[in-house]
Amino acid sequence: ADCRYTCHQECRSLIQLDCRRPGQCQSQLSPESTLLPLCSQNVTQTVEEEKPEPPTIQEIKQKIEKYNAKVTNCLLMKLNDDGTYTGFIKVHLKLRRPVTVPAGIRPQSIYDALKEVNLADMTDKRTSFYLPLDAIKQLHISSTTTVSEVIQGLLKKFMVVDNPQKFALFKEMRKDGQVLFQKLPLTEYPLYLRLLAGPDTDVLSFVLKENETGEVEWDAFSIPELQNFLMILDKEEKDKIQQVQRKYEKFKQRLQQTLKEARGKPG
């Protein structure tokens with residue numbers, strides 16, 4: 001209320017404020033209370049009321065029945081006896097940068113997946129390559145699976161050894177002819193979002209992208225990776241320059257041709 005301190009919601013529990021001004025939140029020095037816009041009890045209560053209550057098992061059952069009624073394939077959701085449920089989500093891979101994978105490793109077999117064998121641990125050799133643009137991966141997850149676990153699961157399926165902090169999961173929504181992206185917090189539950197939105201991927205879809213929001217910890221990259229990024233950026237810069245040069249060269253040729261044709265016409 002005094003210093004108007006603002007922080008990211010995920011950083012809230014890590015902040016400690018020193019309120020020394022008399023009469024300002026002296027009795028409420030916890031991170032939750034000091035980050036509220038005002039110190040009044042009414043405001044605190046309002047913030048708590050904004051948090052939705054977790055749905056009951058009966059409500060979840062009704063939502064799942066409604067969801068499954070709209071499914072046109074076999075990718076149904078299933079309710080468990082303990083109130084959790086399982087289902088499928090599709091994740092679009094829209095990675096513009098290469099990923100790091102083990103060199104000379106065969107693709108993971110069903111046997112490896114069942115035995116949870118990590119093939120990346122079998123060699124220290126690394127190589128980089130581009131994943132197919134806009135590839136789609138289907139995952140069978142639980143209602144307790146978080147965004148962080150989804151990212152780690154995707155990287156494991158493709159044997160990507162990059163730090164998971166380099167990636168982020170977004171939800172893609174279409175509204176009024178516009179495509180909107182929103183980064184999901186690591187503690188969010190994607191399957192619950194899928195359940196609320198329904199099976200139509202035009203309403204909601206999930207996208208894995210590079211974490212380019214300024215939160216990337218560059219210390220997590222190795223020196224060869226950083227050098228590789230520099231080479232890729234240099235190549236992209238040269239390609240872009242060539243595209244611009246070709247564009248204006250064609251424009252120049254059309255302009256010269258138009259002037260040549262105009263000189264041959266009377267008047």
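So, how was this worked out
- Residues numbered from 1 in each chain as written.
- Predicted model: local features only at pLDDT ≥ 70, side-chain atom pairs only at ≥ 80, totals over all residues.
- Heavy atoms only, no water.
- Helix = DSSP H or I, 4+ residues; strand = E, 2+ residues; numbered from the N terminus.
- Buried < 20%, exposed > 50% of the residue type's maximum accessible area, 1.4 Å probe, protein only.
- Contact = heavy atoms within 4.5 Å.
- Areas by Shrake-Rupley, 256 points an atom, 1.4 Å probe, with all protein chains shown as cover.
- Pairing = 2+ DSSP bridges.
- Phe/Tyr/Trp six-rings, centres within 6.5 Å; stacked < 30°, edge-to-face > 60°.
- Lys NZ or Arg CZ within 6 Å of the ring centre and 35° of its normal.
- Axes fitted to C-alpha atoms, helices over the stretch in contact; angles between N-to-C directions.
- Left-handed = near helix turned anticlockwise from the far one by under 90°.
- Patch = residues over 30% accessible without salt bridge, like charges linked within 9 Å, V, L, I, M, F, W, Y side chains within 5 Å.
- Salt bridge = Lys/Arg side-chain N within 4 Å of Asp/Glu carboxyl O.
- Arc of directions from axis to C-beta.
- Expected span 1.5 Å × (residues − 1).
- Core = buried A, V, L, I, M, F, W, Y, C linked by side-chain atoms within 4.5 Å.
- pLDDT = per-residue confidence, 0-100.

Visitor: Can you lay out the overall build of the protein for me, pointing to particular residues and giving the numbers?
Guide: The helix and strand inventory of the protein stands at seven helices and eight strands. Here the protein holds 267 residues, and 29% of them are scored as buried. Long-range contacts, defined here as pairs at least 24 residues apart, represent 64% of the contacts in the protein between residues at least 6 apart. Summed over all atoms, the accessible surface of the protein reaches about 18900 Å², with 53% contributed by carbon and sulfur.

Visitor: So what about the pairing of strand β7 (residues 178-183)? Which residues, and what values?
Guide: As defined by bridge partners, strand β6 (residues 167-175) adjoins β7 across six bridges and the pair is classed as antiparallel. Bridging across to β7, Arg174 finds its partner in Val179.

Visitor: Lay out the side chain of Ser143 in plain terms, naming residues and giving numbers.
Guide: Its location among the elements puts Ser143 in the loop between β5 (135-142) and α5 (147-157). You can call Ser143 buried: its relative accessible area is 13%. Sequence-distant contacts of Ser143, defined by excluding residues within four places in its chain, comprise Thr84, Tyr85, Tyr189 and Leu191.

Visitor: Give me the packing of aromatic side chains: which residues, what numbers.
Guide: By the definition in use, this model includes zero aromatic pairs. The ring of Phe170 has Lys209 sitting right over it, with the charged end atom 5.2 Å from the ring centre. Its guanidinium or amino end placed over the ring of Phe181, Lys209 lies 4.5 Å from that ring's centre, counting from NZ or CZ.

Visitor: Summarise the packing of helix α3 (residues 57-70) against helix α6 (residues 190-197); cite the residues concerned and give the values.
Guide: Contact geometry for α3 and α6: axes closest at 9 Å, N-to-C directions at 65 degrees. Considering only the axes of α3 and α6, their crossing is left-handed. Two secondary-structure elements touch here, α3 through Ile60, Lys63, Ile64 and Tyr67 and α6 through Tyr192, Arg194, Leu195 and Leu196.

Visitor: Got a sec to walk through a nonpolar patch on the surface? Specific residues and values, please.
Guide: A surface patch of nonpolar side chains, amounting to about 480 Å² of accessible area, comprises Val244, Tyr248, Phe251, Leu255 and Leu259. Counting through the fold element by element, Tyr248 comes out in helix α7 (residues 223-263).

Visitor: Tell me about α5, and please be specific about residues and values.
Guide: Of all the positions in α5, only Val147, Val150, Ile151, Leu154 and Leu155 are classed as buried. Each buried residue of α5 lies within a common arc of 130 degrees when the element is viewed along its axis, so the set occupies one face. Turning to α5, the residues buried within the fold contact β2 (85-93), β5, β6, α6 and β8 (204-210). The positive-phi residue at the C-terminal boundary of α5 is Met159, with phi of around 55 degrees.

Visitor: Can you lay out α3 for me, pointing to particular residues and giving the numbers?
Guide: The terminal C-alpha atoms of α3 lie 20 Å apart, and with 14 residues this matches the ideal 20 Å at 1.5 Å per residue to within 8%. Of all the residues in α3, the buried ones are Ile60, Ile64 and Tyr67. Seen end-on, α3 carries its buried residues on one side only, within an arc spanning 65 degrees. Counted as exposed and oriented over 90 degrees from the buried face of α3: Lys66 and Ala69.

Visitor: Can you explain the pattern of salt bridges? Please cite residues and give values.
Guide: Per the counting criterion, the structure on display carries six salt bridges. The closest approach of N and O atoms between Arg97 and Glu236, which form a salt bridge, is 3.1 Å. Here Glu236 lies in helix α7 and Arg97 lies in the loop between β2 and β3 (99-102), a separation of 139 residues in the sequence. Overall, the relative accessible area of 33% leaves Glu236 in the partly exposed class. In this structure, Asp162 and Lys166 form a salt bridge, with 3.4 Å as the shortest nitrogen-oxygen distance.

Visitor: Now, about the nonpolar core: what can you tell me, with residues and values included?
Guide: Core analysis: the largest hydrophobic core is formed by 30 residues, its most contacted members being Ile89, Val91, Phe167, Leu169, Phe206 and Leu208. At the level of elements, α3, β2, β3, β5, α5, β6, α6 and β8 are the ones that each hand at least two residues to this core. Ranked by the residues each element gives to this core, the list is headed by α5, at five residues. If sequence neighbours within four positions are ignored, Phe167 has contacts with Leu95, Val99, Ile151, Leu155, Val160, Asp162, Leu208, Lys209 and Asn211.

Visitor: Outline the confidence of the model for the protein, listing residues and values.
Guide: Segments scoring low in pLDDT should not have their predicted coordinates read at a detailed level. Averaged over all residues, the pLDDT of the protein is 77; the fraction at 70 or higher stands at 70%. This stretch, residues 22-49, has a pLDDT under 50; its non-local contacts, to residues over four places away or in other chains, come to 37 contacts.

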